[in-house]
Each structure stands twice: as structure tokens, then as C-alpha cells.
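# Structure assessment
In case you want the letters, here they are:
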Amino acid sequence: MRLGYARASTARQSLDPQLDSLAEAGVTRVFSEKISTRAARRPELEAAVRLAGQIRSSGVAVTLVVHEHKRLGRGIELATLAEELKASDVGLELLTGELKGSHDPSGIVFTVLAAMSGMEREYIRDRTLEGHESARKRGKTIGGAGVTDESMLSMALHLRDQEMSLRDIAKKLVITTGAKKGQHPSPATVMRMLREHDEQAATAVST
């Protein structure tokens, strides 16, 4: 299955060229939004990745198709997305630009981008530890990461320190509340939980 994603940075920009490009590539299900590159969250992109992961988990091969990689983000954002797609075993196809072509989750492009994400994560983790130590010396406490289950976050951080993949981390976590109690969270959920924690910790360091 091929899912498409299109994004424009401002409301005045047209999505038509991207939508036409995706249609010509045979994509029939497209997620689109008009949102700045600087936005912390992109709901439609998250929805596309989430659906792709769900379809892939059922045994169907899935590819996320985008006009060009800049529509997905730049630098670490693109690397983090690549890591998330790789964890869900979802392919990526770029119709134009420097990275034009179809990229398998086990391919070199995913490997390089995931490595970029790993280096950035190590940097953020170092800053997080520094922030905790600084806060401790000032007698302050850094809050949680905005998740409903702090024990799940703690375990996820521990497993990440062991360099486990998002998919393997998800398999070792169990949801303890709500309608999905007793089930494992998805790799995408684990990624968002860890990302929220890292962002909050990085903010604590800079303040």
C-alpha cells in the first residue's frame, strides 16, 4: 500500500503541485496540511505514519510517498522520522529532490538518517543529565514528560540506554490503564513519549 503526504508552509501556498505529483505516482490516500516547518507537531504527518504502522503490522507492505524530503522536515526532524518509519518497517519514496527514489527501511538512507537521530539523542541526553544535576543542586525537581504512566517512561529510557530499537522497546512495555490496558504500545507511541521527555528536559537545561 502507498500512502501520500503533502505539506505547505503557509496558508497561501498551494498544495496542488504536490497533490498532482502524488496522484501521478499512483497514490490514492493522501494526508495533507498547511503548517510551518517550525511547528513542533504535524498532526497529518503523525496520522499518516500511525496508519502506515498499523497497516504494516497486519502484514501488508507500506510505503510513505512524498514529493520531496523537505516536505517532511530538515536535519534531525527528518532523521527522527526515518528512525520511526524504520522501527515500523515502513518504506519511504521521494518523488524528487536530492534523495529521490524508493528507500527500504533496511537501506543506507534510513541507516544514515537514523544515525543522525542517534547522535542528536545522545547530545540531548547529556544535556538532560546536566539539567537534572543542576536542578538537584538548586533544590528543584524536573517534572515528568507529560505521559500517563511514569513507570513506562522510566523503563523506556532504561531500554533506550541499552540501545534497543523502538520496536523492541515497545514489545517490553505494557499499557496499565485505559481501553488498551494489557497491550503493548506502538513504536510510534514510544517515540513520541521519549521525544516529549527529551524536549522537556532540554527546555529545563536552557532555563
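Residues numbered from 1 in each chain as written. Predicted model: local features only at pLDDT ≥ 70, side-chain atom pairs only at ≥ 80, totals over all residues. Heavy atoms only, no water.

Check the secondary structure of the protein chain and you find seven helices and five strands. Counted from the first residue to the last, the protein chain has its helices and strands arranged as β-α-β-α-β-α-β-β-α-α-α-α. Out of the 207 residues in the protein chain, the part that is buried amounts to 42%. As displayed, the protein chain has an accessible area near 11400 Å², and 52% of this comes from carbon and sulfur atoms. (Helix = DSSP H or I, 4+ residues; strand = E, 2+ residues; numbered from the N terminus. Buried < 20%, exposed > 50% of the residue type's maximum accessible area, 1.4 Å probe, protein only. Areas by Shrake-Rupley, 256 points an atom, 1.4 Å probe, with all protein chains shown as cover.)

Moving on, we get to the pattern of salt bridges. Overall, the coordinates contain five salt bridges when judged by the stated rule. Between Glu93 and Arg2 there is a salt bridge, with its nearest N and O atoms 2.6 Å apart. Of the two residues, Glu93 is situated in strand 4 (residues 91-94) and Arg2 in strand 1 (residues 2-8); the sequence distance between them amounts to 91 residues. For Arg2, a relative accessible area of 28% translates into the label partly exposed. With a shortest N-O distance of 4.0 Å, Arg71 and Glu68 are connected by a salt bridge. (Salt bridge = Lys/Arg side-chain N within 4 Å of Asp/Glu carboxyl O.)

Taken together, the five strands give an open sheet; going across it, the order is 2-1-3-4-5, and neighbouring strands pair in mixed fashion. The open sheet has two free edges, formed respectively by strand 2 (29-34) and strand 5 (101-103), since each of these has just one partner strand. Direction aside, neighbouring strands of the sheet carry axes that sit 20° apart on average. Pairing analysis gives three bridges linking strand 4 to strand 5, with the strands arranged antiparallel. Within strand 5, the position partnered with Leu92 by the bridge is His103. Across the sheet, helix 1 (residues 16-24) lies against strand 1, strand 2 and strand 3 (63-66), angled at about 165° from strand 1, the strand it touches most. (Pairing = 2+ DSSP bridges. Axes fitted to C-alpha atoms, helices over the stretch in contact; angles between N-to-C directions. Contact = heavy atoms within 4.5 Å.)

Core analysis: the largest hydrophobic core is formed by 19 residues, its most contacted members being Tyr5, Leu45, Leu64, Val66, Leu72, Leu85 and Leu92. When residues of this core are traced back to their parent elements, those giving at least two are strand 1, helix 2 (43-57), strand 3, helix 3 (76-87) and strand 4. If one sorts the elements of this core by residue count, helix 2 sits on top with six residues. Formed by 15 residues, the second largest nonpolar core is a distinct cluster that contains Ile169, Val190, Met191 and Met193. (Core = buried A, V, L, I, M, F, W, Y, C linked by side-chain atoms within 4.5 Å.)

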